[in-house]
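Spelled out from the first residue to the last, the chains are:
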Amino acid sequence: MSGLYARIADLPLCVDDYRLERRELDVSTGFTRVTTTVILEGDGERGRGEDVGYVAADHDPYPDDLPLAGRTTVDGFSDLLDALELFSRPPERASDRPYRRWAFESAALDLALRQAGRSLGEAVGRAYRPVRFVISTRLDIHPWLEIDPSLEFKLDPTPDWSRSTMERIAATGRVRALDFKGYYEGTAVDLEPDPELYRAVAESFDGAILEDPAWTEETAAALAGHEERIAWDAPIHSMEDFDRMPVASRWLNVKPSRFGTARTLFEALEACARRRIACYGGGQFELGVGRAQIQSLASLFYPYAPNDVAPSGYNEAEPRGGLPKSPLRPREWRTAAGFGG
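Quick caveat: nothing in here was measured; it's all calculated off a predicted structure.

A.B. asks: Hey, could you run me through the overall build of the protein in this one?
C.D. replies: Looking only at helices and strands, one finds twelve helices and twelve strands in the protein. In summary, the protein has a C-alpha radius of gyration of 20 Å against a globular reference of 20 Å for 341 residues, a match within 12%. Each principal axis of the C-alpha atoms in the protein carries an extent, and together these give about 60 × 45 × 40 Å. Per-residue burial over the protein gives 55% buried out of 341 residues.

A.B. asks: Would you explain the nonpolar core in this entry?
C.D. replies: Inside soluble globular proteins, nonpolar side chains tend to come together where they are buried. Grouped together as the largest cluster of nonpolar side chains are 94 residues, with contacts concentrated most on Ile-8, Leu-40, Phe-104, Leu-120 and Phe-266. In terms of residue count, helix α3 (residues 96–116) provides more of this core than any other element does, nine residues in total. The residues touching Ile-8, leaving out its near neighbours within four places in the chain, are Val-74, Leu-109, Leu-120, Ala-123, Val-124, Ala-262 and Phe-266.

A.B. asks: Would you explain the pattern of salt bridges in this entry?
C.D. replies: Opposite charge on two side chains permits pairing when their charged atoms draw close. Considering all chains together, one arrives at 29 salt bridges under this definition. The closest approach of N and O atoms between Asp-110 and Arg-114, which form a salt bridge, is 2.9 Å. In this pair, Asp-110 and Arg-114 both sit in helix α3, four residues apart, roughly one turn of the helix. The residue Asp-308 makes a salt bridge to Lys-154 at a minimum N-O spacing of 3.9 Å. One end of the pair, Asp-308, is in the segment after α12 (289–301); the other, Lys-154, is in strand β7 (residues 153–155), and 154 residues separate them in sequence. In this structure Lys-154 comes out as buried when scored by relative accessible area, which is 2%. Taken together, the salt bridges that share partners define one network made up of Arg-138, Lys-154, Asp-156, Asp-179, Lys-181, Glu-211 and Asp-308.

A.B. asks: Where do I start with α12 in this structure?
C.D. replies: Every α-helix carries 3.6 residues per turn, so stepping three or four residues along brings you back to the same face. End to end, α12 covers 19 Å across 13 residues, agreeing with the expected 18 Å (1.5 Å per residue, within 8%). Taken across its 13 residues, α12 has 13 buried, putting it largely inside the fold.

A.B. asks: Whenever I open this one, the sheet that holds strand β10 (residues 230–232) confuses me. Can you help?
C.D. replies: Within a sheet, adjacent strands bond to each other through the backbone by hydrogen bonds, running parallel or antiparallel. Here seven strands make up an open sheet; going across it, the order is β6-β7-β8-β9-β10-β11-β12 and the pairing parallel. Edge positions in the sheet fall to β6 (135–137) and β12 (278–281), since each has one partner strand and no second. Going from strand to strand, the sheet's axes swing by 30 degrees on average, the running direction of each strand aside. With three bridges connecting them, strand β8 (residues 175–179) and strand β9 (residues 209–211) associate as parallel partners.

A.B. asks: Hey, could you run me through the packing of helix α6 (residues 163–170) against helix α7 (residues 195–204) in this one?
C.D. replies: When two helices pack together, their arrangement is given by the angle between the helix axes and the distance between those axes. Contact pair α6 / α7: the axes reach a minimum separation of 10 Å and the direction vectors enclose 30 degrees. Here α6 is positioned roughly parallel relative to α7, judged by the angle of their axes. The hand of the α6/α7 crossing is right-handed. Here Arg-163, Met-166 and Ala-170 of α6 come into contact with α7, specifically with Leu-197, Ala-200, Val-201, Glu-203 and Ser-204. Of the residues in the contact of α6 with α7, the class split is five nonpolar, one polar and two charged.

A.B. asks: I'm lost on the environment of Asp-110 in this one. Help?
C.D. replies: Relative accessible area serves as the criterion here: at 1%, Asp-110 is assigned to the buried category. Separated by 2.9 Å, the side chain of Asp-110 and the backbone nitrogen of Arg-48 make a polar contact.

A.B. asks: So what exactly am I meant to see when it comes to the packing of aromatic side chains here?
C.D. replies: Aromatic ring pairs: the centre-centre distance and the angle between the two ring planes describe each pair. By the definition in use, this model includes nine aromatic pairs. A ring pair is formed by Trp-161 and Phe-205, whose centres lie 6.1 Å apart and whose planes are at 40 degrees; its orientation type is tilted. Separated by 44 residues along the polypeptide, Trp-161 in the loop between β7 and α6 and Phe-205 in the loop between α7 and β9 bring together distant segments of the chain. With a centroid separation of 6.1 Å and 70 degrees between ring planes, the pair formed by Trp-251 and Tyr-280 is classed as edge-to-face. With Trp-251 in strand β11 (residues 251–254) and Tyr-280 in strand β12, this pair connects stretches of sequence that are 29 residues apart. With respect to burial, Trp-251 and Tyr-280 carry one shared label: buried. Each residue in the set Phe-133, Trp-144 and Tyr-314 is aromatic and connected to the rest through ring pairs, giving one cluster. The lysine or arginine in question, Arg-100, covers the ring of Tyr-62, its NZ or CZ lying 3.8 Å from the ring centre.

Parameters and conventions
- Throughout this document, residue positions are counted from 1 along each chain, in the order its sequence is written.
- Local features in this predicted model are restricted to residues whose pLDDT is 70 or higher, and side-chain atom pairs enter the listing and the counts only when it is 80 or higher, whereas totals over whole chains, interfaces and linings include all residues.
- Side-chain metrics in this entry use all non-hydrogen atoms of the structure; hydrogen atoms and water are not considered.
- Helix and strand assignments follow DSSP, with helices taken as H or I runs no shorter than four residues and strands as E runs no shorter than two, numbered in order from the N terminus.
- Throughout, the radius of gyration refers to the C-alpha atoms, and the reference size of a globule is 2.2 Å times the residue count to the power 0.38.
- Relative accessibility under 20% of the residue-type maximum defines a buried residue, over 50% an exposed one, and the middle range a partly exposed one, all with a 1.4 Å probe and only protein chains included.
- The definition of a nonpolar core used throughout is a set of buried Ala, Val, Leu, Ile, Met, Phe, Trp, Tyr and Cys residues joined through side-chain atoms within 4.5 Å.
- In this analysis, two residues are considered to be in contact whenever any of their non-hydrogen atoms come within 4.5 Å of each other.
- By definition here, a salt bridge exists when the distance from a side-chain nitrogen of Lys or Arg to a carboxyl oxygen of Asp or Glu is within 4 Å.
- Expected span of a helix, by definition, is 1.5 Å for each gap between consecutive residues, and there is one gap fewer than residues.
- Strand pairing requires that DSSP identify at least two bridges connecting the strands.
- Where helices are involved, their axes are fitted lines through C-alpha atoms of the stretch in contact, as for all axes, and angles between N-to-C directions lie from 0 to 180°.
- If an angle is under 35 degrees, it is roughly parallel; if it is over 145, roughly antiparallel; if it lies from 65 to 115, roughly perpendicular; otherwise it is oblique.
- Take the far helix as your reference; a near helix turned counterclockwise from it by less than a right angle gives a left-handed crossing, and one turned clockwise gives a right-handed crossing.
- Residue classes follow a fixed rule: Ala, Val, Leu, Ile, Met, Phe, Trp, Tyr, Cys and Pro count as nonpolar, while Asp, Glu, Lys and Arg count as charged, and any other residue, Gly among them, counts as polar.
- Whenever a nitrogen or oxygen atom comes within 3.5 Å of another N or O atom, the pair is scored as a polar contact, on the condition that within protein one atom can donate a hydrogen and the other can accept it, and that pairs from neighbouring residues in sequence are kept only if both atoms are in side chains.
- Put simply, two rings from Phe, Tyr or Trp (the six-membered ring, in Trp's case) pair if the centres are within 6.5 Å, and we call them stacked under 30 degrees between planes, edge-to-face over 60, tilted for the rest.
- Placement of a positive charge over a ring is assigned whenever Lys NZ or Arg CZ falls within 6 Å of the ring centre and within 35 degrees of the normal to the ring plane.

Here it is, written out as structure tokens:
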């Protein structure tokens with residue numbers, strides 16, 4: 001074992017018990033968001049991790065009697081999880097399995113760091129830096145820009161976007177990424193591959209990241225000449241997945257919960273640094289500690305990228321003032337909000 005993961009793998013961990021907290025929020029895309037926070041308790045400290053699985057039914061019933069108590073290490077706890085079934089019944093979506101695993105893994109890492117009196121930055125030998133963030137939305141961005149003209153955006157193109165609509169949005173100069181969502185199935189945000197839409201978006205938003213285009217002969221032709229702007233997100237749970245994608249991308253949207261384990265996540269971050277693949281953070285409508293944790297990771301590993309890790313207030317249906325501005329200052333990630341203390 002070497003590298004980043006080795007710096008945290010042997011951290012001592014004491015788990016006495018655990019409990020669960022469920023959160024719900026009606027969000028702007030027309031569904032009720034449900035997440036579950038796993039709270040591990042031990043030696044007078046608490047570590048938290050958030051299960052961001054999208055299927056509400058998969059959060060109920062949530063197992064509350066797993067045999068997690070004992071003294072081990074971060075790596076030993078991960079080995080323990082390998083042998084446990086974390087679902088009371090099979091999840092509706094296989095993608096929910098790594099999300100749940102990450103909830104327990106991130107709670108264990110958080111607890112071990114708190115018991116050691118260290119922050120994640122101290123453990124991995126990296127400094128926290130202010131985090132640039134973008135707002136991810138399908139709504140009109142102009143009301144947001146009236147409140148704060150400095151905001152940046154990641155948008156989901158939709159079939160009803162005309163060329164004139166794209167030109168009007170692009171003229172703001174504030175769009176940094178566009179997500180085609182070509183690898184989602186059975187969700188409220190699925191988009192069928194549309195070569196003409198892909199071509200129009202690529203031409204209208206010069207220089208913006210083009211995330212997750214479904215890859216067919218027709219869409220490949222539509223995006224010819226724009227390949228170096230393509231980023232991968234939804235299909236990526238490891239670097240092996242990344243290397244199987246049809247285009248050798250220079251960009252990776254890092255959603256820690258998709259990697260499932262701390263080992264897989266940190267190995268991927270090291271591989272990206274070694275191969276000069278640019279990373280940026282991705283959000284998943286976290287309702288609790290998961291949002292601060294992805295901000296913490298962005299602060300340590302890719303602070304200057306167009307990170308989709310905006311404070312949760314930007315997920316609300318109506319734009320409003322008074323929200324934190326980009327870049328976010330890192331002091332909060334050394335407190336109860338993020339990893340460690």
